[in-house]
Amino acid sequence: MTSIPARIRAQIDDLLAVAPVDIDQVATRLGLAIYERSLPEGVSGMIERSPTYETESGFVIFVDDGEAYVRQRFTAAHEIGHYVLHRDRIGEGVTENYLLRSDRLSNWVEVQANRFAADLLMPLPLIEALTKQGYTSVPELAHKLQVSEIAMGIRLGHPT
Ligand SMILES: [Zn+2]
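This is a predicted model, so every value here is computed, not measured. (Residues numbered from 1 in each chain as written. Predicted model: local features only at pLDDT ≥ 70, side-chain atom pairs only at ≥ 80, totals over all residues. Heavy atoms only, no water.)

Trainee: I'd love a proper account of the coordination of the zinc ion, names of residues and values included.
Mentor: The coordination sphere of the zinc ion contains the protein donors H78 (NE2), H82 (NE2), E96 (OE), E96 (OE) and E110 (OE), at a distance range of 1.9 to 2.4 Å. Since its relative accessible area comes to 0%, H82 is described here as buried. Judged by relative accessible area, E110 falls into the buried class, the value being 1%. (Donors = N, O, S within 2.8 Å, 3.2 Å for Na, K, Ca; no water. Buried < 20%, exposed > 50% of the residue type's maximum accessible area, 1.4 Å probe, protein only.)

Encoded structure:
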């Protein structure tokens, strides 16, 4: 079971079938935008309501440009999860530390956003398709999907 709601999945289904999942396109389809930026020490990402970027949703996502690309992708996907699942709780926005915990949201809400991010970046049907093509190891799949090997290992249920 995926944590991505059916109405959202319908908007991005084709993007979930191609590796690596194009996270910028996902954001665009959902009326968001992702920007890399130098964020304060210890901050990995944020989502905030801002008119400046003229997004359809009114929200924009920032990820720290000092972090590894695969981490930026996961952070962006986590923020998209907050937008999709927790819009009523994020108010004008949230800021996340390096563990992707916001200053204002509960642990359970953060767990949900992480699950959403995993479902977005590592869709199980896509993993299955890649496996059939011969990409079977954690490093190979992590590379194809542009996620960290740790995230990929967790996704495949390997002990960490
Ligand atoms: Zn969060």
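Trainee: Can you explain the nonpolar core? Please cite residues and give values.
Mentor: Within the largest apolar cluster, 43 residues are counted, with the highest numbers of intra-cluster contacts made by L32, I80, L120, M122 and M152. If you look at the next biggest cluster of nonpolar residues, it comprises 6 residues, including A33, L39, V43 and V60. (Core = buried A, V, L, I, M, F, W, Y, C linked by side-chain atoms within 4.5 Å.)

Trainee: Please provide a residue-by-residue account of the UniProt feature "domain: IrrE N-terminal-like" (unreviewed entry) in the protein, values included.
Mentor: UniProt records the feature "domain: IrrE N-terminal-like" (unreviewed entry) at residues 52-156, using the numbering of this structure. When the span residues 52-156 is considered, its composition is 57% helix and 10% strand, and the gap between its end C-alpha atoms is 40 Å. (UniProt positions renumbered as here; feature names shortened; annotations may be inferred. Helix = DSSP H or I, 4+ residues; strand = E, 2+ residues; numbered from the N terminus.)

Trainee: Any details on a negative patch on the surface? Residues and values, ideally.
Mentor: Together, D22, D24, E36 and D65 give the surface a local cluster of negative charge. When you line up the elements, D24 lands in helix 2 (residues 23-29). D24 sits in the partly exposed class, given a relative accessible area of 42%. (Patch = residues over 30% accessible without salt bridge, like charges linked within 9 Å, V, L, I, M, F, W, Y side chains within 5 Å. Areas by Shrake-Rupley, 256 points an atom, 1.4 Å probe, with all protein chains shown as cover. Salt bridge = Lys/Arg side-chain N within 4 Å of Asp/Glu carboxyl O. Lys, Arg positive; Asp, Glu negative; His and termini not counted. Charge placed at Lys NZ, Arg CZ, Asp CG, Glu CD.)

Trainee: Tell me about the packing of aromatic side chains, and name the residues and values.
Mentor: Overall, the coordinates contain 4 aromatic pairs when judged by the stated rule. Where Y53 meets F62, the ring centres are 5.5 Å apart and the plane angle is 70 degrees; that geometry is what we call edge-to-face. Its relative accessible area of 1% is what places F62 among the buried residues. Each member of the aromatic cluster is reached from another via a ring pair, and the members are Y35, Y53 and F62. The residue whose ring lies beneath R37 is F62, and the NZ or CZ to ring-centre distance is 3.9 Å. Sitting above the plane of the Y83 ring, R87 keeps its charged end 3.9 Å from the centroid. (Phe/Tyr/Trp six-rings, centres within 6.5 Å; stacked < 30°, edge-to-face > 60°. Lys NZ or Arg CZ within 6 Å of the ring centre and 35° of its normal.)

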